[in-house]
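Spelled out from the first residue to the last, the chains are:
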Amino acid sequence: MTLAILSDIHGNLPALEAVIADARAAGATAFVNLGDSLSGPLWPAETADLLMRADWPTIAGNHERQLLTDPPDRIAPSDRFARAALDAGQLRWLAAQPATRVVHGIDMVHGTARCDHEHLLVTIEPDGLRAATDAEVAARLGDACAPMTLCGHTHLPDVRTLADGRIVANPGSVGLQAYLGANPYPYAVQTGDPRARYALIRGDDVDLRAVAYDHAAAAAKAAREGQGDWAFALRTGLAR
């Protein structure tokens, strides 16, 4: 089996379509989705329709939770845009997604199993972001005994093999290659490359892939919706 791992699509329909085409051409026979599927000033409803038809094993990310539960005075612009675009059936589909699940013996989490916005493979410090140590990764995994854990949230593709043999893989983000974060300290995430990211798994081998798509069209859509930070990130792969 060749398994395609997608995460953090953020309503970027052309990026998603390019990733699906690349994965199928590479022999993918199954797909999974690690959440943060729709939030963003792009094509949330159209992306939801595609994902609902595909019916892949999918988990909720922090943006699903925020989109569904944050009050109007606190909801972030990307979540507000997506929520306004979705119909009742699409919102029910989001609400039914579990926080974690196991597929083919692989653990699926968005952040970590204990928190949807905790980073698994990176650590945020006062001076910014760094790679987590193996000890930090092991502590965040806790007593998870699956041979492989798939995570998203960070938008940075990475694979780590711990001393005990457990593998942790983040496929990166399909839809957004850079953003600024502020919790618990300000930090920037950026790949420096606007291509869409995902991963293919064959046995224990994890192939991190980057796929060209019409990122200029996605950036133009974000600009039309008044979200210049998204437009810059989509165009450049940089946060600032």
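Relevant structure appears above.
The present account deals with the structure reproduced in this document.

Cut-offs and rules
- Residues numbered from 1 in each chain as written.
- Predicted model: local features only at pLDDT ≥ 70, side-chain atom pairs only at ≥ 80, totals over all residues.
- Heavy atoms only, no water.
- Buried < 20%, exposed > 50% of the residue type's maximum accessible area, 1.4 Å probe, protein only.
- Helix = DSSP H or I, 4+ residues; strand = E, 2+ residues; numbered from the N terminus.
- Pairing = 2+ DSSP bridges.
- Axes fitted to C-alpha atoms, helices over the stretch in contact; angles between N-to-C directions.
- Parallel < 35°, antiparallel > 145°, perpendicular 65-115°, else oblique.
- Contact = heavy atoms within 4.5 Å.
- Nonpolar A, V, L, I, M, F, W, Y, C, P; charged D, E, K, R; others polar.

1. Considerations on the pairing of strand β12 (residues 196-202)
Thinking step 1. In terms of burial, β12 is a largely internal element, six of the seven residues being buried.
Thinking step 2. Relative to β12, strand β1 (residues 2-6) runs antiparallel, the two being bridged by four bridges. Paired with Thr2 across the strands is Arg202, a residue of β12.

2. Things to note about the packing of helix α7 (residues 215-224) against helix α8 (residues 228-236)
Thinking step 1. Where α7 meets α8, the closest approach of the two axes is 7 Å, and the angle between their N-to-C directions is 175°. In terms of axis orientation, α7 runs roughly antiparallel to α8. Side by side, α7 and α8 meet where His215, Ala218, Ala219, Ala222 and Ala223 of the first sit next to Trp230, Ala231, Leu234 and Arg235 of the second.
Thinking step 2. Looking at the contact of α7 with α8, its residues break down into seven nonpolar, one polar and one charged.

3. Concerning unusual backbone geometry
Thinking step 1. In the segment running from Asn183 into Pro184, the intervening peptide bond is cis, with an omega of 0°.
Thinking step 2. Along the chain, Pro184 turns up in the loop between β10 (178-181) and β11 (187-190).
Thinking step 3. You will see that Asp8, though not glycine, has its phi angle at about 50°, which is positive.
Thinking step 4. Here Asp8 lies in the loop between β1 and α1 (13-25).
Thinking step 5. You will see that Asp36, though not glycine, has its phi angle at about 55°, which is positive.
Thinking step 6. Mapped onto the secondary structure, Asp36 falls in the loop between β2 (30-33) and α2 (44-54).

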